[in-house]
Amino acid sequence: MPTSSASTTDSAKSSAGGGVQSLERAFDLLERMADAGGEVGLSELSATSGLPLPTIHRLMRTLVACGYVRQQPNRRYALGPRLIRLGESASRLLGTWARPYLARLVEETGETANMALLDGDEIVYVAQVPSKHSMRMFTEVGRRVLPHSTGVGKALLAGVPDDEVRALLSRTGMPAATEKTITTPDGFLAALADVRQAGFAVDDNEQEIGVRCLAVCVPDSPTAAAISISGPAGRVTEAATEKIVPVLQQVALELSQALASSGA
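Worth saying up front: this structure is predicted, and the values here are computed from it rather than measured.

**Regarding the sheet that holds strand E6 (residues 144–145)**
Next up, step 1: The six strands lie next to each other as E6-E5-E4-E9-E8-E7, forming an open sheet whose pairing is antiparallel. Each edge of the open sheet is held by one strand with a lone partner, namely E6 and strand E7 (201–204).
Next up, step 2: Taken together, the seven bridges between strand E4 (residues 112–119) and strand E5 (residues 122–129) define a ladder with antiparallel strand orientation. Paired with Met115 across the two strands is Ala127, which belongs to E5.

This is the structure:
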């Protein structure tokens, strides 16, 4: 009598890499949905993934039943609420993973070190190691801010096409946190061009008067991430910047390599 292990259905097929093909396809569809803004139609998924509609429909039915996708009244599919719990847990773990690298930043620069992610249209801080100075910066882990007034926001959005940045800014607005906050899309895009050329981002009293922040992206991170140091403007001077930025870039590279080797 044949057993279930002899099944040749899509759910039991293995990929060339030894994985389960249907799982690989399901996760690929979820990532494509995220890239498309979180809501897509079946025809769009078929066009971008190359999978036949019946296969996509079968996978989406399973994802809907599990709560990872929901079907909208207009028949399009959107990312589901169960993904929020997974994302929050993954963000906490990523922050925990990064803490030793942030601690090294504090040791080498003397300033508070942070890690932040781009979550939708907002920046969320997922880890911090405080400076040992009595006068130091403190940002609560889990805090959310708009990206246009932060160094990490600039570092993260420097890798995003200008039209997508404009669309984000139109959704969030550009309120002034201080008199030095950039409050126009053209001004912000010019700042992003400077970030791309320099290889790092600066928040110069733009989020809080008296505070400067230097930030770089973590290259090839599984999710868009940046690390930064922040401190009083009197300490994070132009001269200090020349010494701090290479340290930031090296730590970001080492963190990227650690994440890649861990399979994160």
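**Considerations on the pattern of salt bridges**
Next up, step 1: By the definition in use, this model includes 16 salt bridges.
Next up, step 2: In this structure, Arg144 engages Asp119 in a salt bridge whose closest nitrogen and oxygen atoms are separated by 2.6 Å. One end of the pair, Arg144, is in strand E6; the other, Asp119, is in strand E4, with 25 residues separating them in the sequence.
Next up, step 3: Judged by relative accessible area, Arg144 falls into the partly exposed class, the value being 41%.
Next up, step 4: Close ionic contact of Glu122 with Arg144 constitutes a salt bridge, the shortest N to O distance being 3.3 Å. Taken together, the residues span a long stretch of sequence, with Glu122 in strand E5 and Arg144 in strand E6 at a distance of 22 residues.
Next up, step 5: Note on Glu122: relative accessible area 31%, which makes it partly exposed.
Next up, step 6: Three or more residues are tied together by salt bridges with common partners; here these are Lys180, Asp204, Arg212 and Glu238.

**Re unusual backbone geometry**
It is generally the case that most residues other than glycine have a negative phi and that most peptide bonds are trans.
Next up, step 1: Located in the positive-phi region is Asn205, a residue other than glycine, with phi close to 65°.
Next up, step 2: Secondary-structure assignment places Asn205 in the loop between E7 and strand E8 (211–217).
Next up, step 3: The phi angle at Asp220 is positive, at roughly 55°, despite the residue not being glycine.
Next up, step 4: Inspection of the secondary structure puts Asp220 in the loop between E8 and strand E9 (225–232).

**Some details on a nonpolar patch on the surface**
Next up, step 1: A cluster of nonpolar side chains, namely Val20, Leu23 and Phe27, defines an oily patch on the protein surface of about 280 Å² accessible area.
Next up, step 2: Mapped onto the secondary structure, Leu23 falls in helix H1 (residues 21–35).
Next up, step 3: Given the relative accessible area of 48%, Leu23 is considered partly exposed.

**Re the nonpolar core**
Next up, step 1: Core analysis: the biggest nonpolar cluster contains 29 residues, and Leu102, Leu105, Met115, Leu214, Ile227 and Leu248 have the highest contact counts within it.
Next up, step 2: The set of elements that each furnish at least two residues to this core consists of helix H4 (82–109), E4, E5, E8, E9 and helix H8 (238–262).
Next up, step 3: Per element, the largest residue contribution to this core is nine residues, and it comes from H8.
Next up, step 4: Within the second largest apolar cluster, 14 residues are counted, among which are Ala26, Leu30, Leu45 and Val69.

**Topic: the packing of H1 against helix H2 (residues 42–49)**
Next up, step 1: Running from N to C, H1 and H2 cross one another at 110°; their axes reach a closest spacing of 11 Å. Regarding the angle of H1 to H2, the classification is roughly perpendicular. Counting all contacts with H1, which are made through Asp28, Leu29, Arg32 and Met33, the residues of H2 involved are Leu45, Thr48 and Ser49.
Next up, step 2: Residue composition of the contact of H1 with H2, by class: three nonpolar, two polar and two charged.

**Digging into the sheet that holds strand E2 (residues 69–71)**
Each strand in a sheet pairs with its neighbour through backbone hydrogen bonds, running either in the same direction (parallel) or in the opposite one (antiparallel).
Next up, step 1: Read from one edge to the other, the open sheet built from three strands follows the order E1-E3-E2, with strand pairing classed as antiparallel. Looking at strand neighbours, the two that pair on one side only are strand E1 (39–40) and E2, the edges of this open sheet.
Next up, step 2: As judged from the two bridges shared by E1 and strand E3 (residues 77–79), these two strands associate in the antiparallel manner. Across the sheet, residue Glu39 finds its bridge partner in E3, namely Ala78.

Rules behind the numbers
- Residues numbered from 1 in each chain as written.
- Predicted model: local features only at pLDDT ≥ 70, side-chain atom pairs only at ≥ 80, totals over all residues.
- Heavy atoms only, no water.
- Pairing = 2+ DSSP bridges.
- Helix = DSSP H or I, 4+ residues; strand = E, 2+ residues; numbered from the N terminus.
- Salt bridge = Lys/Arg side-chain N within 4 Å of Asp/Glu carboxyl O.
- Buried < 20%, exposed > 50% of the residue type's maximum accessible area, 1.4 Å probe, protein only.
- Patch = residues over 30% accessible without salt bridge, like charges linked within 9 Å, V, L, I, M, F, W, Y side chains within 5 Å.
- Areas by Shrake-Rupley, 256 points an atom, 1.4 Å probe, with all protein chains shown as cover.
- Core = buried A, V, L, I, M, F, W, Y, C linked by side-chain atoms within 4.5 Å.
- Axes fitted to C-alpha atoms, helices over the stretch in contact; angles between N-to-C directions.
- Parallel < 35°, antiparallel > 145°, perpendicular 65-115°, else oblique.
- Contact = heavy atoms within 4.5 Å.
- Nonpolar A, V, L, I, M, F, W, Y, C, P; charged D, E, K, R; others polar.

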